[in-house]
Amino acid sequence: MTVNLLDFDRQGLTEFCEGLGEKKFRATQLFRWIHHKGARDFEQMSDLAKSLRDKLKTCAHITPLSPISLHESADGTLKWLFDVGDGNAVETVFIPEDDRGTLCVSSQAGCAVGCRFCSTGHQGFSRNLSTGEIVAQLWFAEHFLRQRLGSQERVISNVVMMGMGEPLQNYSALVPALRTMLDDHAYGLSRRRLTVSTSGVVPMMDRLGEDCPVALAVSLHAPADSLRDSLVPLNRKYPLAELMAACQRYLAHAPRDFITFEYCMLDGVNDQPEHAQALIDLVRPQQGPGVSCKFNLIPFNPFPASGLKRSAQAQVLAFAEILQRAGLVTTVRKTRGDDIDAACGQLAGDVKDRTDVASRMARQRVIPLRATPP
Ligand code: SAH
Ligand code: SF4
């Protein structure tokens, strides 16, 4: 069986090349061809010796994910649906802004955490993505966008692991993928512009801090264990006191001096003034150290099976004001890609339900897919 070179970070590729009797610098050349230039065909790699190209052809391949569809929102947001086999699909979303281009990347097909307000969670868990499948989302989007914009420069400046899945429940595949994203010979992202979002897998937060510190977002959604238990079932395993302590420990390694707390605003459930006050007490307790943090309030993106409603805009703003008055930096997330179901928590990606995909495509502007980028 031949190996997919997208599965390797540079260290892994170096070991692979050494196994072929090649010098270390050859691995860097190869890594640059794959990630920097978006090459898939070994014959293109003109500065590699013919003997190495021939060897690679027999034992390796560069296989990205196959896109099923690409939708473009009126606000410029792009959403790809990628086939990952066995009737599963994952979604990847590109969000262009004036000063940055952000790619929202999936880490699993489905998710085992099962949060009440998340359509991926309702879908259940199918499987972990491999390193190559995580990296392939960035590989594909970056080279697609460069080709579309006629740009030689990097288009994607930020990556958020906020697509489908709980990244810290797929840790061994995640870390080499993050390292590739950070590598100057690949995508050259800064650690501050690469964000892992977690529902709070405490032991893996510690390991991430040691192995590959990047910006961290923690999906909080409730200020007390009783409510959080019912919204984020993982809280029963890692309750808030443990989660807050893990956040403090992470800050010793983090490239930013704050944790971003995400808070999905659910009408009548977690959006009352007393919840805001309890959040302030949680992150700034009277005794003991607090957690240096920012809040990002996410208006809930409804989907029928949830039985939940989005908080009214006035409620969201009043909630934000309570946090801000207490000196906590708070932003309200703009919902992007609403018209193509690309907003947070709307990523379902079940290709078994072809009718649903077809009916969605009928309502949306679907861009015919071009061939795989170079
Ligand atoms: N599993 C990780 C990352 C993926 S979810 C996590 O939970 O952090 C990315 C973000 O979208 C999380 O903050 C999640 O809570 C939020 N989210 C999920 N469903 C949502 C929905 N229906 N509306 C708004 N935000 C949602
Ligand atoms: Fe999984 Fe995150 Fe959705 Fe919860 S919010 S079910 S952890 S993807």
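The model shown is predicted, which means the values in this text are computed figures rather than measured ones. In this numbering scheme, every chain counts its residues from 1 along its sequence in written order. The naming scheme follows written order: chains are lettered A onward, ligands numbered 1 onward. Only residues with pLDDT of at least 70 are given local features in this predicted model, and only at 80 or more are side-chain atom pairs given and counted; all residues enter the totals for whole chains, interfaces and linings. Only hydrogens and water are removed before side-chain values are computed, so all heavy atoms of the structure are retained for them.

J.: Could you clarify how one ought to interpret the site of ligand 1 in this entry?
T.: One heavy atom suffices: a residue is near a molecule or strand as soon as one of its heavy atoms comes within 4 Å of it. Taken together, 20 residues lie around ligand 1, and Phe 117, Gly 165, Ser 197, Ser 219 and His 221 are the ones closest in. Separating an oxygen atom of ligand 1 from a side-chain N or O atom of His 221 is a distance of 2.7 Å. Polar contacts, as used here, are pairs of N or O atoms within 3.5 Å; protein pairs need one atom able to donate a hydrogen and one able to accept it. Residues neighboring in sequence count only if both atoms are side-chain atoms. For ligand 1, a nitrogen atom lies 2.9 Å from a polar atom in the backbone of Asn 301. For the area figures, the Shrake-Rupley method with a 1.4 Å probe applies, and any residue is considered shielded solely by the protein chains shown. Compared with its free state, where it exposes 520 Å², ligand 1 has 96% of that area covered by protein. Method remark: on a 1 Å grid restricted to protein atoms, a set of points is classed as a cavity if a 1.4 Å probe fits but cannot get out and as a pocket if it is open with protein on both sides within 12 Å along at least five of seven lines; lining residues have an atom within 4 Å of a point. Just a note on the criterion: a molecule sits in a pocket or cavity if more than half of its atoms are within 2 Å of the grid points. At a threshold of 2 Å from the grid points, most atoms of ligand 1 map onto the largest cavity. Helix numbers and strand numbers start at the N terminus; a helix is a DSSP run of H or I with at least 4 residues, a strand a run of E with at least 2. Secondary structure elements with two or more residues in the shell around ligand 1: strand S10 (194-198), strand S12 (259-265) and strand S13 (293-299).

J.: Whenever I open this one, the environment of Phe 94 confuses me. Can you help?
T.: As for its placement among the helices and strands, Phe 94 is situated in strand S5 (residues 88-97). The criterion used for residue contact is that any of the two residues' heavy atoms lie within 4.5 Å. In this structure Phe 94 touches Gly 76, Thr 77, Leu 78, Trp 80, Gly 101, Thr 102, Leu 103, Leu 145, Val 155 and Ile 156, once residues within four positions along its chain are discounted.

J.: Would you mind going over the site of ligand 2 with me for this structure?
T.: Near ligand 2 you find Cys 111, Val 113, Gly 114, Cys 115, Cys 118, Gly 121, Gly 165, Glu 166 and Ser 199, and these make up its full shell. When each cavity is represented as a set of grid points, ligand 2 is found to reside in the largest cavity. Here the residues of the shell around ligand 2 sort into four nonpolar, four polar and one charged. Any residue that is not Ala, Val, Leu, Ile, Met, Phe, Trp, Tyr, Cys, Pro, Asp, Glu, Lys or Arg is counted as polar, Gly included; the first ten are nonpolar and the last four charged.

J.: So what exactly am I meant to see when it comes to the pairing of strand S9 (residues 158-161) here?
T.: Here is the key point about a regular strand: its side chains alternate between the two faces of the sheet. To sort residues, take the accessible area from a 1.4 Å probe on protein chains only and compare it with the maximum for the residue type: under 20% means buried, over 50% means exposed, and anything in between is partly exposed. Residues Asn 158 and Val 160 point to one face of S9 and Val 159 and Met 161 to the other, with burial holding for every one of them. In this scheme, strands are said to pair when DSSP sees at least two bridges between them. With three bridges joining them, strand S6 (residues 100-104) and S9 adopt parallel strand pairing. Note that in S9 the partner of Cys 104 across the bridge is Val 160. As defined by bridge partners, S9 adjoins S10 across three bridges and the pair is classed as parallel. For Val 160, the partnering residue across the bridge sits in S10 and is Thr 195. When the strands point away from the viewer, a crossover counts as right-handed if the path from the first strand over the helix to the second runs clockwise. For the crossover that starts at S9, traverses helix H6 (residues 171-182) and ends in the parallel S10, the hand is right-handed.

J.: Looking at this structure, how should I read H6?
T.: One turn of the α-helix equals 3.6 residues, which is why residues spaced by three or four share an orientation. The end-to-end C-alpha separation of H6 is 16 Å, in line with the 16 Å expected for twelve residues at 1.5 Å each. Judged by how many residues are buried, H6 sits mostly within the fold: ten of twelve residues are covered. Those residues of H6 that sit buried are Tyr 171, Ala 173, Leu 174, Val 175, Pro 176, Ala 177, Leu 178, Thr 180, Met 181 and Leu 182. Buried residues belonging to H6 abut helix H2 (24-36), helix H5 (131-149), S9, S10 and helix H7 (202-211). Given a helix with a known number of residues, its expected span is that number minus one, times 1.5 Å.

J.: Whenever I open this one, the packing of aromatic side chains confuses me. Can you help?
T.: Pairing of aromatic side chains requires ring centres within 6.5 Å, counting the rings of Phe and Tyr and the six-membered ring of Trp. Pairs whose planes differ by under 30 degrees are stacked, by over 60 edge-to-face, and all others tilted. Scanning the model with the defined rule gives eight aromatic pairs in all. Connected via pairs of aromatic rings, a cluster forms that spans Trp 80, Phe 82, Phe 140 and Phe 144.

J.: Quick question: what am I supposed to make of helix H10 (residues 273-283) here?
T.: Where H10 is concerned, the buried positions are His 275, Ala 276, Leu 279, Ile 280, Leu 282 and Val 283. The buried residues of H10 occupy an angular sector of 160° when the element is viewed end-on, so they sit on one face. Within this analysis, the arc is defined by the directions that extend from the helix axis to the C-beta atoms.

J.: What is the right way to look at the pattern of salt bridges in this model?
T.: Should their charged atoms come close, side chains of opposite charge can pair. Put simply, a salt bridge is a Lys or Arg side-chain nitrogen that is within 4 Å of an Asp or Glu carboxyl oxygen. Applying the stated criterion to the full structure yields 16 salt bridges. Note that Lys 57 is salt-bridged to Asp 54, the shortest N-O span being 3.5 Å. With Lys 57 and Asp 54 both in helix H3 (residues 50-59), this residue pair falls three residues apart, about one helical turn. The class for Lys 57 is partly exposed, based on a relative accessible area of 43%.

J.: Hey, could you run me through the domain arrangement of the chain in this one?
T.: Think of interface size as the accessible area that goes away when the parts come together; that is how it is often given. For the chain, the assigned domains read domain 1 (3-61) and domain 2 (66-363). We define buried area as the total accessible area lost by two parts upon association, computed with a 1.4 Å probe and summed across both. Contact with domain 2 buries area across many residues of domain 1, yet Leu 6, His 35 and His 36 alone supply 41% of it, more than any other trio. Put simply, domain 1 and domain 2 have one salt bridge between them. A total of six residues in the side of domain 1 that touches domain 2 trace back to one element, the largest contributor, which is H2. All domain edges in this entry derive from an automatic or database-based domain assignment.

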